[in-house]
Amino acid sequence: MGDHDTVRARLRAALSADDPWTALYALHSPNTDRTGPLAEAVEELYRSETDHTAFRPYLTWLLRSLGEPGDAVLLRLLAAPGLSGDDRQDLLRTAVVQELRLPAELLRTHVQDAPASSGGHAGTGGSPAPELIDAMGLSGDPSFAPHLGALLEDPAAPRGRAALGLGRLGARAWTAPIAGRLSEVTGLDHTAFTVALELMDDPAAVPHLLRWLAESSEERVYDVHHALVRLTGRDPLLPERATGAAYAAAVRAAWADGRTQRAPAAVRNLVVESGARARFSVDEGAGRIRIAFDPPPPGSSWPRWDRSLTFDRKPLYRVGSLCDTCELGLTLLDWPDDEAARIAARMRGRLTDLDRLDTALLAEWSPVLGELETGHYRALLLDLPLERVAEPVRSWWYRRAAARAEADGDDSDRPDDDRPEDYWPGVAHFQLTAPVPGGRVPFTYGALLPSQPPEALDPATVARHAAAVAAGERPAAVVLGWIDNRYVEALHEERWLVGAILDGHHRLAAYADAGVPARVLLLARVGEGSGADGGLEGLAEMAAVYGCRK
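How each quantity is defined
- Residue numbering note: each chain is counted from 1, following its sequence as written.
- Local features in a predicted model are, by the rule used here, given only for residues with pLDDT of at least 70; side-chain atom pairs are given and counted only at 80 or more, and totals for whole chains, interfaces and linings are based on all residues.
- Computation of side-chain values covers all heavy atoms of the structure but excludes hydrogens and water.
- Counting from the N terminus, the helices are the DSSP runs of H or I reaching at least four residues and the strands are the DSSP runs of E reaching at least two.
- This radius of gyration counts C-alpha atoms alone. The globule rule is 2.2 Å times how many residues there are, raised to the power 0.38.
- For each residue, the accessible area found with a 1.4 Å probe, counting protein chains only, is set against the maximum for its type, and the residue is called buried under 20%, exposed over 50%, and partly exposed in between.
- What sets the accessible areas is the Shrake-Rupley method with a 1.4 Å probe; for residues, cover comes only from the shown protein chains.
- For the purpose of counting charges, residues Lys and Arg are taken to be positive, whereas Asp and Glu are taken to be negative. His and the chain ends are not included.
- To locate a charge, take atom NZ for lysine, CZ for arginine, CG for aspartate or CD for glutamate.
- A pair of strands is treated as paired once DSSP finds two or more bridges between them.
- As a rule, the C-alpha atoms of each element are fitted with a line to give its axis, helices using only the stretch in contact, and angles between N-to-C directions run from 0 to 180 degrees.
- Contact criterion: two residues are considered in contact whenever any of their non-hydrogen atoms come within 4.5 Å of each other.
- As used in this record, nonpolar core signifies buried Ala, Val, Leu, Ile, Met, Phe, Trp, Tyr and Cys residues forming a set joined through side-chain atoms within 4.5 Å.
- A 1.4 Å probe that fits but cannot get out identifies a cavity on a 1 Å grid over protein atoms alone, an open set with protein on both sides within 12 Å along at least five of seven lines counts as a pocket, and a residue lines either if it has an atom within 4 Å of a point.
- Grid points are joined across faces, edges and corners, and a volume is the space filled by probe spheres set on the points.
- Under the scheme applied here, ten amino acids are nonpolar (Ala, Val, Leu, Ile, Met, Phe, Trp, Tyr, Cys and Pro), four are charged (Asp, Glu, Lys and Arg), and all others, including Gly, are polar.
- Salt bridge, as applied in this entry: a Lys or Arg side-chain nitrogen positioned within 4 Å of an Asp or Glu carboxyl oxygen.

Enquirer: Would you mind going over the overall build of the protein in detail, with residue names and values included?
Expert: Helix and strand counts for the protein stand at 22 helices and 13 strands. By the compact-globule yardstick of 24 Å for 550 residues, the protein fits well, its C-alpha radius of gyration being 26 Å. For the protein, with 550 residues in total, the buried portion stands at 51%. If you sum the accessible surface of the protein, you get close to 23500 Å²; carbon and sulfur atoms cover 50% of it. For the protein, the distance from the average position of its 58 positive side-chain charges to the average position of its 79 negative side-chain charges is 6 Å.

Enquirer: Could you give an account of the sheet that holds strand β8 (residues 386-389), naming the residues involved and the relevant values?
Expert: In spatial order, the strands read β1-β2-β7-β13-β11-β12-β10-β9-β8; together these nine strands make up an open sheet with mixed pairing. Sheet topology places β1 (266-274) and β8 at the edges, where each strand pairs with a single neighbour. In this sheet, neighbouring strand axes are inclined to one another by 30° on average, regardless of whether the strands run parallel or antiparallel. As paired strands, β8 and strand β9 (residues 429-432) are joined by four bridges and run antiparallel to one another. Counterpart to R388 in the pairing with β9 is F430. Seen against the sheet, helix α19 (residues 396-407) touches β8, β9, β10 (444-449), β11 (477-488) and β12 (492-503) and runs at an angle of roughly 165° to β12. Of the strands in this sheet, β8, β9, β10, β11, β12 and β13 (518-526) are in contact with helix α21 (residues 505-514), which crosses β8 at around 105°.

Enquirer: Can you lay out the environment of C323 for me, pointing to particular residues and giving the numbers?
Expert: Looking at where C323 falls in the secondary structure, it is placed in the loop between β5 (314-320) and β6 (331-332). Counting along the chain gives 167 residues from C323 to A490, while the straight-line C-alpha distance between them is 11 Å. Here C323 is in contact with W305 and R486, once residues within four sequence places are set aside.

Enquirer: Explain the nonpolar core residue by residue, including any values.
Expert: The biggest cluster of nonpolar side chains holds 80 residues, and the ones touching the most others in it are L11, L24, I178 and L209. Discounting chain neighbours no more than four positions away, the residues touching I178 are L152, A163, L166, F193, A196, L197 and M200. In terms of nonpolar packing, the next biggest core, distinct from the first, is built from 46 residues, A278, W482, W496 and V498 among them.

Enquirer: Could you give me a rundown of the sheet that holds strand β3 (residues 289-293), with the residues and numbers involved?
Expert: On the basis of which strands lie adjacent, the open sheet formed by four strands has the order β3-β4-β5-β6 and antiparallel pairing. The two strands at the open ends of the sheet, each matched to only one other strand, are β3 and β6. In terms of strand pairing, β3 meets strand β4 (residues 307-311) through five bridges, oriented antiparallel. By the bridge assignment for β4, I289 is matched with F311.

Enquirer: Kindly report on empty space enclosed by the protein, identifying the contributing residues and their values.
Expert: Taken as a whole and judged by the stated rule, the model has three cavities of 30 Å³ or more. Roughly 100 Å³ of internal volume is contained in the largest cavity. Residue lining of the largest cavity: eleven residues in total, with I289, F311, L316, S451 and L502 positioned closest to the centre. Put simply, the parts of the chain that give the lining of the largest cavity at least two residues each are β4, α16 (338-345) and β12. In terms of residue class, the lining of the largest cavity is made up of ten nonpolar, one polar and no charged. Considered as a void within the structure, the second largest cavity measures approximately 70 Å³ in volume. Contributing elements (two or more residues each) for the lining of the second largest cavity: α16 and α18 (366-369). Considering only residue class, the lining of the second largest cavity consists of nine nonpolar, no polar and one charged.

Enquirer: Break down the pairing of β13 for me, citing the residues and quoting the values.
Expert: Within β13, eight of the nine residues are buried, leaving the element largely enclosed by the surrounding structure. Across nine bridges, strand β7 (residues 375-384) lies against β13 in antiparallel orientation. Each bridged residue has a counterpart across the sheet, and for H376 the counterpart in β13 is V526. For β11 and β13, the ladder comprises five bridges, and the chain directions are parallel. Paired with G481 across the two strands is A524, which belongs to β13.

Enquirer: Before we move on, can you summarise the pattern of salt bridges with the specific residues and values?
Expert: Tallied over the entire structure, the rule returns 43 salt bridges. Across the salt bridge formed by R525 and E373, the nearest N and O atoms sit 3.8 Å from each other. Taken as a pair, R525 in strand β13 and E373 in the loop between α18 and β7 lie far apart in primary sequence, 152 residues in all. Residue classification places E373 among the buried residues on the basis of a relative accessible area of 12%. One salt bridge connects D422 with R419, and the closest N-O pair in it is separated by 2.8 Å. What makes D422 partly exposed here is its relative accessible area of 39%. Of the residues examined, R419 reaches a relative accessible area of 26% and is grouped as partly exposed. Linked through salt bridges whose partners overlap, the residues forming this network are R440, E493, R495, E537 and E541.

See below:
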C-alpha cells in the first residue's frame, strides 16, 4: 500500500466488494508491516461516514487484527464524545475481546452514561450491559469491585459475568459472597462462580465449597470438584468411567473427610496386559504436566472452554475446546523450563533398547509417573512410522481438509484466504506418514509435538542414535498423549493421536531420518466423568496397528 489516500481508497473498495471479508483479508494480511496507515483509515471512516453502521462489523474486525495501532484507535474512538449506544456497545465489546485495560476515568464515564442492559440506566443503579461488566473486570482498578459485587444480589443481572470480573480483579473481599451464593445460581452462572473462585486463588473459598459439595445437585458437582482441586492442590482419584449419579457420589466421598492437604502421589492398579500394553492409575498426582482449562477470555459465554497443555501451570500448547464438532488445532505458546526435561530424563536408563513393558519397569518409573495428573492411564509401546514436517503445506493439520473434500467428491479449490500457516501449530514436529489404516474412523491422524525447540537438537546426538538404530537397537521416546475424537461440522468423523514429547527428541529425529518406525512409549490418560471414554477405542486401534511385536 502507498500513501494515506491510497490506503483509504483500497479500504473503501474492499468494503464495497461482493465479498468484503475476503477483500479485507487480502488487503490486510500480506502487509502486516503497514498496519498504522490502515488503522488510521479505519478511524477516519468510523468517524466520518454517515453509513458506517453497515460497515461496523468489518471495521471492528480490522481493529482487532491490527495490533497496537488498532488498539490505539479503539481507545481514541471510545474517548470521543457523543457515541451512539450501538457504537459504544460495539467498541466496548471489541476492546474486551482485545483484553484492553481501559483507563479508569474513561471507563467510569461509560459506566455513568451507558444505558443498562435491562433498559434502565447504569449510572442510576440499573444493571450495566455485559461488555461494561467485562471491561470493569479487566480494568485492574479495585474501585469497580463494589459495583460488580452489588450485581451478585440481582437475579436479573449477568451475575456470572460480575463474579468473573471480581475474580479478574482479584477482589478477595468478595470470595465469601461469591461462594455463599453458589446455591442461588445454576448452569453457566454456577460454572462462572466457581471459575471466579479459581481466579481469586483464595483458600477462604474452600470451606464454602466443601459445604456446598455435600448439598449440591448432581449436575453442579463437577464445577465444585474442579475448584477444590485447583484451590487445594489435592486431586483424589475417582473411578475410571463413573458418570452421572455415580460420579457425583464418588466426588462427595473423596472429599467427605474434609481433608484438603495433598497426600504423596501413588501409582496404583498396575496391570501389564501384554508386552506392548499396560494400565495404571495415578492417585494424588502432582499434576505438573496436565491439560488444564484456560482462564475464560473476557466476553465469552463459556466459563470453561479452551484448554492448554501446561507444565507447572505454564501453558505450552493451546489445545482448544472440548467442542466435538469443532476442528482440532494446537498452537505453541511457550517452551517449558529445563525441569521438564530433567523429570523425563529420570526414565532414560531403561529406554536405550526397550522392547517390552513389565511390572518392574513401570514400578521403577513410579516417581516420574506421579508427576502426572491424577487419573487412569494406558501405557502403549508403539512402533510409529514418523516423518519430520517443517512446512505447513505438508502437515496433516492442513492436508486433512483436502482429504475430507476428496471423500465428499468435492474437487473445488480452497478459498484464496485459506493459508496453510493458519492451521500450523507454530513449530516443526513429527507426524504419522499416513492416516492410521483399518480403523472405524476413516481419517485418523497422528502428531507428536516437541517440548523443546527443534533447533536445539544436537546433530551429533542424533547421529549417535541413528547408528544405534542402524545396528538394530530400538531406543524409545516417551510421549504424553491422548486420543481426540471429533465430528467436524457434524459431517466428518476425525480422530487424532496427539502427543507431547517428554523425552526422546533426538531419538525420534534419528528414526525419521532413517525411515525406521520409531519406538514410542505412549502414556495416555483416559477420561472420567461427563461420559468421556478417553478415546479407548482409538488407543486400542493404535495398539492393534502399531503395537510393538517383539
